[in-house]
Amino acid sequence: MLLKVIEVEDTYTPPKSHTVEVLVPDDVVHEGAQLSELLQRKSLVNVKNYGPSQVSSASFRGSDPNHTQLYWNGININAPTLGQADMNLLTTSGIDKVEVAYGTAGNTMGNGAIGGSVNLFSEAEYGTKGIEIGTYADGLNSGRLRLEANAGNDRFAFSASTAHFRSTNSFTYPDVSKQPFETALMQHAHLVSTNMVIGASHKIGAKGEITVSGLLIENERQVPRPINASTTGSESLADSNMIWAVGYSRNTENWKTQFISGLNLASNVYSDTLYKVYGRNTYASYQTRWINEWKLSEILALSAISAYHLDKAQSLNFPNNVMLHSLFMFVEAKWEISRSLFLNLGNKVQITDNQLPGLVLPTAGLVYRIGQFVGIYTNGARTIRNPTLNELHWEPGGNVGLKPEKALTSEAGFFGNNGAFLWRINGYYNEVENWVRWLPASGAVFSPRNLDHVIAKGLEGRFNYLFGLGKLSYNLFLNGTYTTSQRIPKLSSEEKRQLIYIPKYQANGGITFRHANWALTYHQHWVGQRFVSFDNSVFMPAFSVGALSVGHTRKFSSHSLYLGMEVNNVWGTQYQNVAWRPMPGRYVGFQIDYTYNK
Amino acid sequence: MKLRLLFFFTYALLAVACKKTDEIGPQRVEDGLPFMPAKSKRLLIGCEGNFQFGNASLHEYNIEANELTENIFKAVNNRPIGDVLQSITGWNDTIALVVNNSGKIIFIHSATYKVIAEITGLTSPRYMLNLENGTALVTDLYGNEIYIIDLKEIRVASTVPVYGWAETMVAYGNEVFIADLELPGIYRFDIATSKIIDTILLDFIPRAMDVAREELIVGGPVDFNSNHSKIIHFSLDDHEVNVQSELNEAIVQLHFDSIANSFIILGKTLYKTDWAHSTWLKIHTGAGLSRFLATPDGKAAYVLDAGDYINNGTFTAIDLSGNGSVIFESSTGVAPGSLFLVPANVP
């Protein structure tokens, strides 16, 4: 009798010395939701949200939002002008995986990830054919239509997805800027948004692959004035991004190489008809990234990353067209000293055309496994963030004399994984010199200055437990963090003060019960008190928001239908994430997804 | 074990879920009461009053409504400000009124205008600059020293000796440029060490200063009684004087408008001039122009005219994007001399 030959692939990977979370849409955050919602509900990233579908930023470990770098398929999609990305511009539609890389893990990608990076991946899958149609509507007068399709064989794969979202964001809120409080209706908060992701992959020979992918983001929205403003009405934002990435990769036994070249084209238009303010900027960011990894022996590997960026921008607030070249190189050796002890050592080089180069930016990490399921780890790195084009050239106030922010990131902790129970507890310590702050300069003009020395430190805990109990299966997760992020006073008489909008305490958690084709999920996230004035005399109170959802999936051979309902903000908490920007109370959303897979 | 874990997680979730949030908007740390927002788009106009009459006054101009509310300090606090309101500055929800001849600084709340605190016993304070490190500098006419104010304790923490009449200040990076009119010259004050690290000597009185394009621009009359002024552009890189110009009026204030790429300079007349000062365009005239403030977008300017410094002066808002046409005009108190644009939406 002939036995069937089975190929066994070695999937052993050494444990990592840094913190990376992998997030995917699930019962806690449904397919098609905004990226900010995914981060807020499932990670320890601090999400600052001006309202549903309004401008949103993300920061890690007590850092600034422009210390967070957002990548899609290896292309940095932060605006080189502002230095940050709006986490509400992107949805999870067409995104297969979201990696949230904290501290040292993020700053091996390129310039500026002092806090960390959010890495999005859209990949066409070989050998699948199918379509998915998703619809969603909720009590904020919002509706979303999502279409996804993929096709291909074992050599060629194609995928396309598009999501169209509209909302008036109508909800009532207590207007706390008036005494006594009045109930008011949120107005002038319309949003029309379209995201499209396409991708194609083709295998070349046995080891090579070429990929082409594109991401299109179109958003038009009204930004209502803060409720304490003396005038009503809104500002308008129109954002358009088109990102293309072409990649070639080749994997042999001892050498993995990947070359990515991409272009990020964007335009942002701002207008305020009442005050007759009009702003427009366009930018083009051309980027290449070449990643190599050599397996030098069974215990030693070497990786090298080089990346080049050319950013060009035009703005009504720039004196002329501005341009910035930057080069990033990273070399790292990974040494498996024993089956329990792993060491990685590396160095980064960062050069831009208007700043002194960062030639010695070392990184190091160590992991020690204690037994089969538990380990300890530590890491540290030096990194820099070069000033953004706005910080350098904005008129009025831009400061071409700004120096790069210099940072030390480090962390240490314990982790465990026995297949069902994953946990990680760690502390971190980050220090940033030359922290840029916009301050009043001449007259009422604000200008950025290398003013502050900031130390952020804290604790993080992550727990995820998956188990069955009778016919039920459960998935529990609980994340929490304690953060102090303080400016170091220049005078001994001055008190250390927490940076604004950095909560000392933040947590989220959820539990999903599954039985047959039913899933019941409860989720809660909690954000502690945050100061909103630099002198720490005014604070935003803590808030806690829960969500309850139920979903049912019916399968008919190749077809499946998902029906879901979610009660958002189930306890009806009235709160503001950003001062004078109300968030909605309780509202219900319905989702219907149809999937066909051949 | 599994059940125990399930109970633990469920309890933890419910514990955070059941935390009741009583407050919604910004709260004050000091008493936990709701922080009431500052009104937006306001300009404060300070009037010196008659010397030794103690009739300084503060007025509010609502930019959106084009309305002037007079004597707001007295209306709220039911007391006078004092003698000679020299300058106004502010940060977060605090506004500081520097009252020269009363030797004091009054701190008021930017939304309510109620007095928060007061520093007295200063010799003859002129201008105040917040260093954003918990302290502020205050210049003085006769004290021959600069005060370093502890903004938490609201007291003079220390002093820095200077030659004579210290006047206007401009912050730049980790330094502050401080004009000494009697020296005459400009001190470079290091914020980190609270020390004067250099002095730039001049052959004219440095009444007006601004920083633009890595250069310190200084203007002023050649002596205290002269109607002839000099302007220099002092490079902060190589310490060379790059541009030198003159004006047959006594310059009292200058501001670089980086959007229009031009200067607004106040002498007897309000002028707009280019970077090299090769052309001078008159944009506003008056009997005794004393102060102006250009908006950050460069579209408007507010100008004070103290007239004869004895009777009420005038306040004028002018359109800078056009030909300087008047948007609003109103009379004020006696000898208007200071302007402060209150930041909107504090915090």
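Here the structure is shown first, and the text comes after it.
So, how was this worked out
Note that residues are indexed from 1 along each chain, following the sequence as it is written. As they are written, the chains are lettered A onward and the ligands numbered 1 onward, keeping that order. With pLDDT at 70 or above as the cut-off, local features in this predicted model cover only qualifying residues; side-chain atom pairs require 80 or more to be listed or tallied, and sums for whole chains, interfaces and linings still use all residues. For side-chain calculations, the full set of non-hydrogen atoms in the structure is used, while hydrogens and water are omitted. Secondary structure is summarised from DSSP: a helix means a run of H or I of at least four residues, a strand means a run of E of at least two, and numbering begins at the N terminus for each. Burial classification: accessible surface area is computed with a 1.4 Å probe over protein chains only, and a residue below 20% of its type maximum counts as buried, one above 50% as exposed, and the rest as partly exposed. Contacts are assigned to residue pairs with any non-hydrogen atoms lying within 4.5 Å of each other. With residues, only the protein chains shown are counted as cover, and all accessible areas are computed by Shrake-Rupley using a 1.4 Å probe. By the counting rule applied here, Lys and Arg register as positive and Asp and Glu as negative, while His and the ends of each chain are not counted. To locate a charge, the coordinates of NZ of Lys, CZ of Arg, CG of Asp or CD of Glu are taken. Buried and open spaces are told apart on a 1 Å grid over the protein atoms alone, a cavity being a set of points where a 1.4 Å probe fits but cannot get out and a pocket being an open set with protein on both sides within 12 Å along at least five of seven lines. Residues with an atom within 4 Å of a point are the lining residues. Grid points are joined across faces, edges and corners, and a volume is the space filled by probe spheres set on the points. For this classification, the nonpolar set comprises Ala, Val, Leu, Ile, Met, Phe, Trp, Tyr, Cys and Pro, the charged set comprises Asp, Glu, Lys and Arg, and every other residue, Gly included, is treated as polar. Remark: nonpolar core denotes a set of buried residues (Ala, Val, Leu, Ile, Met, Phe, Trp, Tyr, Cys) joined through side-chain atoms within 4.5 Å. A pair of aromatic rings is counted whenever rings of Phe, Tyr or Trp (Trp by its six-membered ring) have centres within 6.5 Å, and the orientation is called stacked for planes under 30 degrees apart, edge-to-face for over 60 and tilted otherwise. Only lysine NZ and arginine CZ atoms are considered, and such an atom sits over a ring when it is within 6 Å of the ring centre and within 35 degrees of the ring normal. Note on pairing: DSSP must find at least two bridges between two strands before they are called paired. All axes here are fitted lines through C-alpha atoms, helices being fitted over the stretch that makes contact, and every angle between N-to-C directions spans 0 to 180 degrees. When a carboxyl oxygen of Asp or Glu lies within 4 Å of a side-chain nitrogen of Lys or Arg, that pair is called a salt bridge. Contacts described as polar in this section are N or O atom pairs within 3.5 Å, which, within protein, must combine one atom able to donate a hydrogen with one able to accept it, while residues neighboring in sequence count only if both atoms come from side chains.

A look at the overall build of chain A
When helices and strands are tallied, chain A shows two helices and 36 strands. The principal-axis extent of the C-alpha atoms belonging to chain A is close to 85 × 55 × 45 Å. Looking at the 598 residues of chain A, the share that counts as buried comes to 56%. Once local pairs closer than 6 in sequence are excluded, the contacts in chain A between residues at least 24 apart make up 59%.

Quick notes on the overall build of chain B
For chain B, the count of helices and strands is two helices and 29 strands. In terms of its C-alpha atoms, chain B occupies a principal-axis envelope of roughly 90 × 45 × 45 Å. In chain B, which comprises 347 residues, the proportion classed as buried is 58%. Surface accessibility of chain B: about 14200 Å² in total, with carbon and sulfur atoms responsible for 50%. The distance from the centre of the 25 positive side-chain charges to the centre of the 40 negative ones in chain B is 10 Å.

Things to note about empty space enclosed by the protein
Unfilled space is identified by rolling a water-sized probe across the atoms. Residue and element names in this part refer to chain A. Under the counting rule described, the total for this entry stands at seven cavities of 30 Å³ or more. Approximately 620 Å³ is the volume found for the largest cavity. Around the largest cavity, the lining is made up of 42 residues, and of these Q34, E37, R41, N568 and Y587 lie nearest the centre. Of all the elements in the fold, those that place two or more residues in the lining of the largest cavity are α1 (35-42), β8 (130-138), β9 (142-152), β10 (156-167), β29 (518-527), β32 (543-556), β33 (559-568) and β36 (587-597). Split into classes, the residues belonging to the lining of the largest cavity amount to 17 nonpolar, 20 polar and five charged. Contributing to the lining of the second largest cavity are 31 residues, with Q69, N76, N111, H309 and D311 lying nearest its centre. For the lining of the second largest cavity, the secondary-structure elements that each account for two or more residues are β4 (68-72), β17 (277-295), β18 (300-315), β19 (322-336) and β20 (341-352).

Remarks on the nonpolar core
Residue and element names in this part refer to chain A. Grouped together as the largest cluster of nonpolar side chains are 33 residues, with contacts concentrated most on L35, L39, L70, W72, V98 and L120. Contributing elements (two or more residues each) for this core: α1, β4, β6 (97-102), β7 (116-121), β14 (208-224) and β15 (234-251). L39 has contacts with L23, V45, V47, A58, M87, V100 and V118, leaving out every residue within four places of it along the chain.

Notes on the packing of aromatic side chains
All names here are of chain A. Taken as a whole and judged by the stated rule, the model has 21 aromatic pairs over all chains. Plain terms: the ring middles of Y482 and Y505 are 5.2 Å apart, the flat faces sit at 50 degrees to each other, and that makes the pair tilted. Separated by 23 residues along the polypeptide, Y482 in strand β26 (residues 472-487) and Y505 in strand β28 (residues 505-515) bring together distant segments of the chain. Grouping aromatic residues by their ring pairs yields a cluster made of F421, Y465, F467, Y474 and F513. Between the NZ or CZ atom of R144 and the centre of the ring of Y136, over which it lies, the distance is 4.6 Å.

Let's talk about unusual backbone geometry
Going from B:L183 to B:P184, the amide bond is cis rather than trans, its omega being -20 degrees. As for its position among the elements, B:P184 is in the loop between β14 (175-180) and β15 (185-190). Notably, A:N169 is not glycine yet its phi reads approximately 50 degrees, a positive angle. Positionally, A:N169 belongs in the loop between β10 and β11 (172-175). The phi angle at B:E214 is positive, at roughly 65 degrees, despite the residue not being glycine. Inspection of the secondary structure puts B:E214 in the loop between β17 (208-212) and β18 (215-221). Among the residues examined, B:E214 registers a relative accessible area of 21% and is labelled partly exposed.

Some remarks on the sheet that holds strand β22 (residues 262-266) of chain B
All names here are of chain B. Strand order across the open sheet formed by four strands is β21-β22-β23-β24, with antiparallel pairing between neighbours. If you trace the sheet from one side to the other, it starts and ends with β21 (253-257) and β24 (280-284), each paired once. Averaged over all pairs of adjacent strands, the angle between their axes in this sheet comes to 25 degrees, without regard to strand direction. Sheet analysis places β22 next to strand β23 (residues 270-273), joined by four bridges and oriented antiparallel.

Some remarks on the environment of A:I337
Residues and elements named next belong to chain A. Checked against the element boundaries, I337 lands in the loop between β19 and β20. I337 sits in the partly exposed class, given a relative accessible area of 35%. Residues I337 and Y368, spaced 31 residues apart in sequence, show a C-alpha to C-alpha distance of 9.9 Å.

Here's the deal with the pattern of salt bridges
All names here are of chain A. Tallied over the full model, the rule gives 29 salt bridges over all chains. Ionic pairing is found between R339 and E336, a salt bridge with its closest N-O pair at 3.3 Å. If you follow the salt bridges from partner to partner, you end up with E21, R61, E411, E460 and R462 in one network.

Observations regarding the side chain of A:N430
All names here are of chain A. Checked against the element boundaries, N430 lands in strand β24 (residues 421-440). Given the relative accessible area of 5%, N430 is considered buried. At a separation of 3.4 Å, a polar atom in the side chain of N430 contacts the main-chain amide nitrogen of S410. When near neighbours in sequence (up to four residues on either side) are disregarded, N430 contacts R61, I114, L408, T409, S410, V454, I455 and A456.

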